[in-house]
Structure formats: structure tokens, C-alpha cells
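Next come the chains, spelled out residue by residue.
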Amino acid sequence: MLSSVIVFLTLAVATSAQNATGSLITDPGPPPLNSTSLPGQVVPGVPDFYAPEQIGAKFTHNVILSVDGMHQASSDLEFFVKAFPKSTLASLLKNSVEFTNAMTSSPSDSFPGVMAYMTGASSRTHGVYYDVSYDKSLFPPGSNCTGPVGTVIAWDETLDLNPDAFDGGGAFNLSMLPLRKTAWGTCAQIFPNDFLRVNTIFEVARQNGLVTAYTDKHPAYQILNGPSGLGLTEGFFPEVNAAITQMQTEGYDDLHWSALNNWTMGHHFNGTAGLTTPSIYGADFQTFSVSEKAAGYNADLTPSADLIQGFQQVDSRLGQLVATMKAAGTFDSTLLIITAKHGQSPIDRSQLRKISPDDLIAATGTTVVGSSADDGALLWLADPSQAPAAQQRLLSKKTALGITDVWVGLQVIANGLGNPFLDPRTPDIVVKTVSGVIYTSPTASKVAEHGGLNFNDKAVLLFAHNPSFKATKFDGLVSTRQIAPTIIKGLGFDPLLLEGVRIEATVPLPGIFH
């Protein structure tokens with residue numbers, strides 16, 4: 001029988017490190033059924049694209065690393081490898097397929113960002129719009145499924161027993177879980193993995209007898225187990241909310257690097273023997289994103305000293321991981337994919353403008369029951385029929401509120417974000433902001449954010465490495481959703497085993513398979 005182990009915190013103590021403004025864009029979304037817009041795309045229904053005779057295991061191990069906030073462009077990765085030509089990243093790029101026009105999810109929050117490359121799907125399919133969102137079909141925590149239906153969904157530190165502790169208190173606070181009424185009339189709690197609507201790459205691997213592992217920033221990332229609850233052989237999710245300063249965040253990230261090295265050696269996350277090197281494993285890193293929010297970029301749009309320190313920590317630890325792979329004999333058989341759940345904006349600090357989210361909500365002129373507002377906004381209304389009127393009120397104050405556009409109804413559907421008429425999770429209103437606008441307290445110290453639809457929120461680094469690859473740059477538009485079918489195909493399985501891939505016709509990244 002399959003089993004899944006979720007761990008909140010290792011017992012080991014980590015050592016902290018020592019050391020262009022773009023225009024608004026729309027998520028490319030899954031290609032239409034008659035489209036060949038994405039590289040390698042064929043019309044769904046053509047059987048030979050994923051025909052069994054074309055599938056053979058190419059990569060025994062697949063490692064996915066997310067350096068949250070990092071862009072591919074001259075402000076970030078391109079700058080770093082030019083400034084540090086002997087860095088590990090510069091070395092890896094010599095045997096990598098580099099995607100210079102890669103886009104993460106819309107919205108560009110961490111949760112839909114990670115779901116994109118773990119499911120091959122977008123929010124409208126996998127059902128996760130933000131770490132804090134709203135569901136009109138579920139009951140509030142503690143309601144015993146009585147009273148008004150509809151509740152805020154919080155898959156962040158508020159779900160922890162102790163959100164200020166690295167182990168999250170060692171468990172979920174069960175009183176914070178949303179509820180649903182079952183078909184036989186009982187009231188059931190919804191854990192994060194229950195919330196996901198499609199399967200994950202981890203579930204496909206486990207169902208085929210493989211070992212999987214992952215580490216991320218909240219215990220709520222047990223959502224990666226998928227609907228079966230069994231996707232991860234081992235999950236390690238210390239609470240990032242317990243890390244406050246950059247140095248503490250570097251130490252926090254070192255917990256993840258430690259787990260990666262131990263998994264590579266075939267150990268459990270904390271170094272004890274008894275696992276085996278996973279077929280799919282990976283991690284998320286926060287230092288770079290934290291530095292972007294706290295220090296940002298210089299006036300000439302080059303990285304600040306804090307960002308360079310964040311890069312150097314990533315590069316140093318990545319070098320250690322590569323050395324561990326070589327020592328374990330897995331380097332040649334590993335597909336290493338480095339990307340980011342999200343970007344960050346603004347890069348140009350002169351664009352920064354802070355607006356209270358309360359002002360945005362008040363301007364709708366109607367009751368807002370759920371909101372996710374960072375450098376864009378998703379709004380859920382008590383009365384969805386009021387969305388068009390609220391849209392006009394917001395647009396009438398677009399300058400004061402830093403708005404470029406507001407979508408409701410058919411506009412939400414047309415932009416690939418789901419159907420607010422039918423889906424209880426799809427927001428009633430989507431707000432696009434002027435680049436540089438952040439909905440936060442005017443006195444907040446942060447100088448950048450993510451979650452919105454601006455170019456620098458969505459444009460992320462993405463490259464795939466294997467020693468057999470020749471250095472290649474692909475400048476065409478790709479989506480991080482394409483990572484999921486790439487991983488599954490690389491393992492020798494049919495990517496159509498991923499439900500999100502079937503629904504959205506997501507294809508593998510170009511240049512990986514020949």
C-alpha cells in the first residue's frame with residue numbers, strides 16, 4: 001500500500017549564508033483546440049503525439065527548483081551569469097535549454113505558480129487561484145456545515161497550529177479547515193490536497209511505483225499530494241513565516257538545500273538512511289524574493305547588493321547539490337529544471353506606488369466577501385450580479401486606484417481565468433494594475449510584490465539541464481505549465497496521465513526530446 005510522509009521541520013540546524021519595465025500581458029493560457037500556438041502543439045485528438053512507441057524513459061531523476069522572484073532577463077539571471085562567469089549557474093547553462101520568454105501562471109501567486117508545473121494546468125482547471133482565495137460552495141471553518149455557504153480559503157501560515165514556529169506547531173489547526181457537506185449529509189473537513197481538482201506529477205510517479213519528495217514554504221503545501229493524498233513519498237514543509245530577516249531566510253532556505261542533498265544521496269530529508277533517490281524531487285527558495293521585496297533593484301535596474309547576496313547563496317548551494325549528484329552517480333541521468341513560481345514587480349523603483357486595498361474594495365460599492373490583493377486583485381462578491389456595476393465604479397476611479405483594466409463575466413472567461421457564472425472558485429472581478437502599483441498599507445516597507453498580471457510578475461527564469469544537452473536558447477513563448485508533461489514524458493510515461501494536461505492540451509517544453 002502506498003503511504004505518504006509529511007514532515008514539518010528537520011531536527012538539524014542550518015547554517016545561514018555568509019556572504020526593464022515591461023507592458024501588461026495576458027497569460028498565454030492553454031492553446032485553443034484548433035491552435036498550434038505553443039511549440040510542439042498539435043491538435044488534440046491526434047493520437048501519435050503521445051503514442052507509446054515514442055515514449056521511453058530518458059531521465060531517471062527529475063529535480064525541480066523554484067528560485068521565487070527570479071527573472072530570466074538582464075535584471076536577474078542574464079546579469080548574474082555575465083557578472084559571475086565562473087558561477088555554477090553559468091556552468092550549467094553550457095549544457096541547458098534556456099527559455100528566454102517563459103511565463104508563469106495568471107494570477108502569479110505562489111500557489112497557482114507551483115500548481116502550474118505540478119499539474120500542467122491553470123487555475124481554471126486545478127481550482128487554486130491564490131494562497132488566500134474564496135469558495136462559494138464550501139462552508140466556513142467551525143460552522144458544522146450550517147448557515148450561509150461560502151468561505152475564505154487560506155492555504156498559508158494561518159492554517160498552522162503555531163504560524164510563528166518553524167515547525168508550524170507540528171500540525172494543522174483543524175479548526176481552520178473549510179468544510180463541505182457530503183453526499184450523505186455529513187460535514188467533512190477539506191485539507192489542502194482535497195482542494196485540488198486534478199492529479200499531480202507526484203501522483204503519476206507514485207502510481208507507477210516511483211519515489212517522490214518535495215520541500216516548500218508552508219505546511220499547507222501538502223496540497224502537492226494531490227486528490228489521492230498519496231503523491232509524495234516524503235514532504236518537508238517548514239514554515240517560512242518564522243523567518244523574518246534576510247539572514248534568517250537564508251538559513252530557512254538552507255533547510256531545503258539540506259533536504260535536497262539528503263534525498264540525492266538516497267536518504268530521508270534529515271539524513272537518516274532508508275529512502276532511495278527520488279525519481280521526482282525538488283524545492284522552493286525564498287531568499288531572492290524576500291530581498292526583492294525588501295531592497296529591490298538599483299536606479300539603473302541592476303540588482304542591489306542584497307539581491308546579489310541572494311544570488312550567491314543560491315549559486316553556492318546549487319554547486320553543492322551538483323557535487324552531491326556527481327558523488328551519488330545521478331548527475332548524468334538527472335533532468336534539472338530551474339524556474340520560479342513567480343516574478344516580482346516593479347523592477348524600476350520609480351514606478352512604485354502603494355495604495356490601500358481598503359480603498360479598492362470600498363470603490364466597488366458592493367459587498368466583497370473575498371479578496372486577494374497584492375500588485376493585482378481578485379475579488380469575490382456577495383452578489384455576483386453586481387460585478388458589472390462594480391466594474392464601472394472601479395474604472396471611474398482607475399487613476400486614483402492605479403488600475404489599467406477590470407474584468408468581469410465573459411472577460412474573465414476570455415482571459416483564461418475560469419467561468420465566474422459556473423465555478424464557485426473563479427473570482428467575480430479581476431483587477432489589472434499599472435506596473436509598480438501595490439495594494440498595501442502606504443507605510444509598508446516593501447518595494448515590490450507579485451500575484452498580479454504585470455509582465456515582470458509573470459516573466460520568470462526557466463532552463464532545463466542535462467550533461468547531454470548542448471547550450472540552446474529558445475526565444476518563443478512557453479509556459480511553466482509545460483514543465484509537468486516534460487517531467488512525465490522524461491520518466492517514460494504518457495503525459496496524458498496528467499488530468500490537467502488532457503484538459504488543457506499542455507505540451508512538453510521544446511528542445512528536450514529529439
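A brief look at the structure comes next. (Residues numbered from 1 in each chain as written. Predicted model: local features only at pLDDT ≥ 70, side-chain atom pairs only at ≥ 80, totals over all residues. Heavy atoms only, no water.)

1. Focus: the sheet that holds strand E4 (residues 102-103)
Backbone hydrogen bonds are what pair the strands of a sheet, in a parallel or an antiparallel way. Across the sheet, which stays open at both edges, the three strands sit in the order E19-E4-E22 with mixed pairing between neighbours. The two strands at the open ends of the sheet, each matched to only one other strand, are strand E19 (459-460) and strand E22 (478-479). As judged from the two bridges shared by E4 and E19, these two strands associate in the antiparallel manner. Considered in E19, the bridge of Met 103 is made with Ala 459. (Pairing = 2+ DSSP bridges. Helix = DSSP H or I, 4+ residues; strand = E, 2+ residues; numbered from the N terminus.)

2. Topic: the packing of aromatic side chains
Within a pair of aromatic rings, the relevant descriptors are the distance that separates the centres and the angle that separates the planes. Under the counting rule described, the total for this entry stands at 14 aromatic pairs. Stacked on the ring of Phe 195, the Lys or Arg Arg 425 has its end atom at 3.5 Å from the ring centre. (Phe/Tyr/Trp six-rings, centres within 6.5 Å; stacked < 30°, edge-to-face > 60°. Lys NZ or Arg CZ within 6 Å of the ring centre and 35° of its normal.)

3. Considerations on the sheet that holds strand E14 (residues 368-373)
In space, the four strands of this open sheet follow the order E14-E15-E17-E16, with antiparallel pairing throughout. Of all strands in the sheet, those with a lone pairing partner are E14 and strand E16 (403-408), marking the two edges. For this sheet, the mean angle separating the axes of adjacent strands, direction not counted, is 15 degrees. Of the strand pairs in this sheet, E16 and strand E17 (residues 429-433) are connected by five bridges, and their pairing is antiparallel. Bridge assignment links Asp 405 to a residue of E17, and that residue is Lys 432. (Axes fitted to C-alpha atoms, helices over the stretch in contact; angles between N-to-C directions.)

4. A word on the pattern of salt bridges
On inspection of all chains with the given rule, the structure shows ten salt bridges. A salt bridge links Lys 136 to Asp 428, with the shortest nitrogen-to-oxygen separation between them at 2.8 Å. Of this pair, Lys 136 sits in the loop between strand E5 (132-135) and strand E6 (151-154) while Asp 428 sits in the loop between helix H13 (410-414) and E17, placing them 292 residues apart in sequence. Given the relative accessible area of 3%, Asp 428 is considered buried. (Salt bridge = Lys/Arg side-chain N within 4 Å of Asp/Glu carboxyl O. Buried < 20%, exposed > 50% of the residue type's maximum accessible area, 1.4 Å probe, protein only.)

5. A look at the pairing of strand E15 (residues 377-381)
When you tally the buried positions in E15, you get five out of five residues, the bulk of the element. With five bridges connecting them, E14 and E15 associate as antiparallel partners. Across the sheet, residue Ser 371 finds its bridge partner in E15, namely Leu 379.

6. Focus: the side chain of Thr 125
Along the polypeptide, Thr 125 turns up in helix H4 (residues 123-126). Overall, the relative accessible area of 10% leaves Thr 125 in the buried class. At 2.5 Å, the side chain of Thr 125 and the side chain of Glu 504 are in polar contact. Not counting the four nearest positions on each side in its chain, Thr 125 is found in contact with Arg 197, Val 198, Gly 500, Ile 503 and Glu 504. (Polar contact = N/O pair within 3.5 Å; in protein donor to acceptor, adjacent residues only side chain to side chain. Contact = heavy atoms within 4.5 Å.)

Shape is all these values report; function is a separate question.
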